[in-house]
Structures are given as structure tokens and as C-alpha cells.
Amino acid sequence: MTTSDMTHASKIVILGAGAIGQLIFHQLSAYGVMPALLGRDASADSQTLEFTNLEGKTVTRQAQFIDKSMLASCELLIVCVKAYQVEAALLPLLDALPTDAHILLLHNGLGPHLSVAPHLAGRGLSLGTTSQGALKLGRWQIRQTGAGLTQVGHAQGPRLADNLRQALLGAIHNSEWCEPILPMLWQKLAINIAINPLTAINDCRNGELAGAEFEPTIFALVQEVVTVANADGITLDQAQLTERVYQVIQLTASNYSSMHQDIHHGRQTEIEAITGYLLSRAAKYSIATPANKAIYRQLKSLERGN
Ligand code: KPL
């Protein structure tokens with residue numbers, strides 16, 4: 001198969017070649033599906049990607065990068081960019097993406113599904129969340145650091161074709177199809193709301209949040225999520241959710257959260273799609289969320305470098 005044949009045969013395209021985009025590329029490739037990648041600079045080229053799995057075994061694979069003009073055979077576009085990049089990365093591609101292609105958004109937080117939905121012109125949309133960990137060792141070198149759960153489910157329009165759904169779930173270990181998906185995304189949102197900003201503000205690893213001094217804040221943050229989610233039609237249980245938050249704190253005790261790392265490296269954080277999304281839904285229902293508002297303000301000031 002020539003490079004150009006490979007390009008045109010790619011039914012699955014991964015938008016975003018960061019750590020998670022590369023991880024999904026390796027997992028689909030190992031499963032026997034040959035996805036193409038569409039990166040930020042959007043140039044068509046071939047690139048050697050290196051992957052070290054959880055057991056420490058390293059493999060290299062040749063990845064085909066495509067540009068927008070090569071999307072004609074795309075049946076599934078997996079969007080792996082950060083939440084705040086989704087609109088700017090996805091919308092300009094839509095005039096080249098077949099109208100029967102399906103889109104899967106896979107990012108931390110919530111919100112972009114609401115802003116992109118009106119532009120999809122009848123294309124199917126699925127949403128997902130992944131707790132898989134991947135560390136970038138170099139631009140094209142990643143190491144898997146955690147085998148966390150991946151949950152995907154239908155959001156709107158035509159449903160993802162069975163063969164693509166099977167490929168996705170077969171390729172990504174520890175993955176499941178969830179219907180409805182929104183309660184799962186709200187649960188993950190609650191975990192990120194409780195852990196991420198607190199670790200960034202207090203400059204600590206996730207595990208330190210198990211300390212008694214954080215208990216009242218975590219309780220208040222989670223309580224507000226439950227109230228807003230319930231107003232939004234999503235039933236969450238305060239006790240179960242708090243227990244889950246503490247489980248994740250234990251399971252990821254030695255990790256620095258993604259928001260801690262973003263602040264540490266002077267990068268934009270995902271606060272708008274995490275606490276910001278909660279605040280926007282709370283405003284819609286006129287629900288007071290003082291604990292989350294205070295955390296949001298502190299994090300924004302940290303992000304600005306104040
Ligand atoms: O998702 C995470 C993140 O850091 O973004 C948690 C679960 C908090 C793990 O660090």
C-alpha cells in the first residue's frame with residue numbers, strides 16, 4: 001500500500017496529536033485499524049511515533065498525517081484536542097468532512113458539545129471521557145502511565161456505526177459504551193472539579209487532598225455539583241460521588257493533576273470546561289455556587305500569574 005493509498009483508506013481520523021491522540025492512534029493501530037492523524041499544523045506527512053506500554057515494552061509505528069483536503073473517506077473523527085480548542089479545531093473542517101461522518105469528542109470537562117452541536121449539519125455526535133494516562137516523553141514519544149476507564153456514548157444525530165463502535169471499544173482497553181453518557185460525564189466533571197483546581201492552587205499532588213483540612217471544601221464543591229446537575233436533569237448521589245472523589249484521590253495519589261501541570265508549565269488550563277461549565281449551568285438555573293466561584297477566581301488569578 002502506498003502512502004497515498006493509506007491516506008485515502010483512513011476511515012478513522014484522530015484530530016489532535018497530543019498525548020491522548022497519540023495513545024488512541026497506537027491502540028487503534030495495535031487493534032489492526034489504521035487511523036490517520038490531523039495535527040495542529042495540518043500538513044500531510046508521515047511520522048514515526050514511539051509508544052511505551054504499561055509493561056515497559058516500546059514499539060514504533062509509522063503514522064500518516066493528513067490535511068483537511070484528505071477527509072473525504074473519514075467515517076469517524078475522534079477529537080482529542082483540549083476542551084478550549086475544540087471549536088477552533090473542528091468547525092473549519094466541517095465543510096470537508098462527509099455529511100455522514102460521525103464525530104466523537106474526547107476531552108476533559110463539558111461545554112464544547114453545546115457550542116459545536118448547532119454546526120454539525122445532521123452529523124452524528126458521540127461524547128466520551130477517558131482516565132487513561134499518557135506522558136509525552138518527546139514530541140512523538142509517549143509512555144502510557146495509567147489504564148483508567150474510557151466511557152463513550154451517543155449524544156445526538158445518527159448513531160455511531162456498529163463496526164466503528166466495535167473497533168473503538170476493542171482497541172481501547174478498559175472501555176465501555178454508556179447510555180446515557182451525560183451522567184458519566186457529570187461524574188467525571190465532579191471529580192475534576194473537586195481535585196484539579198485544589199491541587200493547582202495548593203501546589204500539591206492529588207493524594208494530599210485526602211487531608212482533613214480539605215474535607216469541608218471538597219464537600220461543598222461536590223454538593224454544588226450535585227445541586228446543579230439535578231437542576232440540569234442529571235441525578236447524582238452526594239454520598240456516592242464524594243466516595244468516588246476520595247477513591248480517585250487514593251488511586252492517583254502520586255499524580256500531579258492535569259491542571260496542576262498546566263499551571264506549573266504556564267499553559268492555559270481547562271478551568272472553563274470544568275468549574276466554568278458548572279458556573280454557567282448554575283447561572284442558567286439561578287443556583288448559588290459560592291464554593292466553586294471562589295475556587296474559580298483563585299484559579300483564574302493563578303493562571304494570569306498573579
Ligand atoms: O483527570 C484527572 C486530571 O488530572 O485531569 C484526575 C482524575 C484528577 C487525575 O489526575
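Bear in mind the structure is a predicted one, so any value in this text is a computation, not a measurement. Throughout, a residue's number is its position along its own chain's written sequence, starting from 1. The predicted origin of the model limits local features to residues at a pLDDT of at least 70 and limits the giving and counting of side-chain atom pairs to 80 or more, whereas totals for whole chains, interfaces and linings rest on all residues.

### Here we look at the overall build of the protein
Line of reasoning, step 1. Only DSSP runs of H or I with at least four residues qualify as helices, and only runs of E with at least two residues qualify as strands; both kinds are numbered from the N terminus onward. Within the protein, the regular secondary structure consists of 11 helices and 9 strands.
Line of reasoning, step 2. Computed over C-alpha atoms, the radius of gyration of the protein comes to 19 Å, within 12% of the 19 Å expected from 2.2 N^0.38 for 306 residues, which places it in the range of a compact globule.
Line of reasoning, step 3. Taken along the three principal axes of its C-alpha coordinates, the protein extends 60 × 40 × 35 Å.
Line of reasoning, step 4. Contact definition: two residues whose C-beta atoms, as placed from backbone geometry, lie within 7 Å. Long-range contacts, defined here as pairs at least 24 residues apart, represent 70% of the contacts in the protein between residues at least 6 apart. Atoms considered for the radius of gyration are the C-alpha atoms alone. The globule rule reads 2.2 Å times the number of residues to the power 0.38.

### Some details on the packing of helix α6 (residues 182-201) against helix α7 (residues 215-231)
Line of reasoning, step 1. With axes taken as lines fitted to C-alpha atoms, and helix axes fitted only over the stretch in contact, angles between N-to-C directions fall between 0 and 180 degrees. The contact between α6 and α7 brings their axes to 10 Å, and the two run at 150°. In terms of axis orientation, α6 runs roughly antiparallel to α7. The handedness of the crossing between α6 and α7 comes out as right-handed. Residues W186, L189, A190, I193, A194 and L198 of α6 lie in contact with α7, whose contacting residues are T217, I218, L221, V222, V225 and A229.
Line of reasoning, step 2. When the residues that make up the contact of α6 with α7 are grouped by side-chain class, the tally is 11 nonpolar, 1 polar and no charged. Under this scheme an angle from 65 to 115 degrees is roughly perpendicular, one under 35 degrees roughly parallel, and one over 145 degrees roughly antiparallel; angles in between are oblique. Note on convention: the crossing is left-handed when the near helix lies turned anticlockwise from the far helix by less than a right angle, right-handed when the turn is clockwise. Three classes are used: nonpolar for Ala, Val, Leu, Ile, Met, Phe, Trp, Tyr, Cys and Pro, charged for Asp, Glu, Lys and Arg, and polar for all others, with Gly counted as polar.

### Quick look at the UniProt feature "domain: Ketopantoate reductase C-terminal" (unreviewed entry) in the protein
Line of reasoning, step 1. UniProt positions are given in the numbering used here, feature names are shortened, and annotations may be inferred rather than shown by experiment. In this structure's numbering, the residues bearing the UniProt feature "domain: Ketopantoate reductase C-terminal" (unreviewed entry) are residues 182-302.
Line of reasoning, step 2. Helix makes up 67% of residues 182-302 and strand 0%, whereas the separation of the span's terminal C-alpha atoms amounts to 30 Å.

### Structural notes on the site of the ligand
Line of reasoning, step 1. Only the C-beta atom matters for this test: placed from the backbone, it must lie within 6 Å of a molecule or strand for the residue to be near it. The local shell around the ligand consists of N108, S131, I191, N192, I195, N196, N206, V248, T252, N255, S257 and S258.
Line of reasoning, step 2. Of the residues forming the shell around the ligand, the biggest block, 4 residues, is contributed by α6.
Line of reasoning, step 3. Partitioning the shell around the ligand into residue classes produces 3 nonpolar, 9 polar and no charged.

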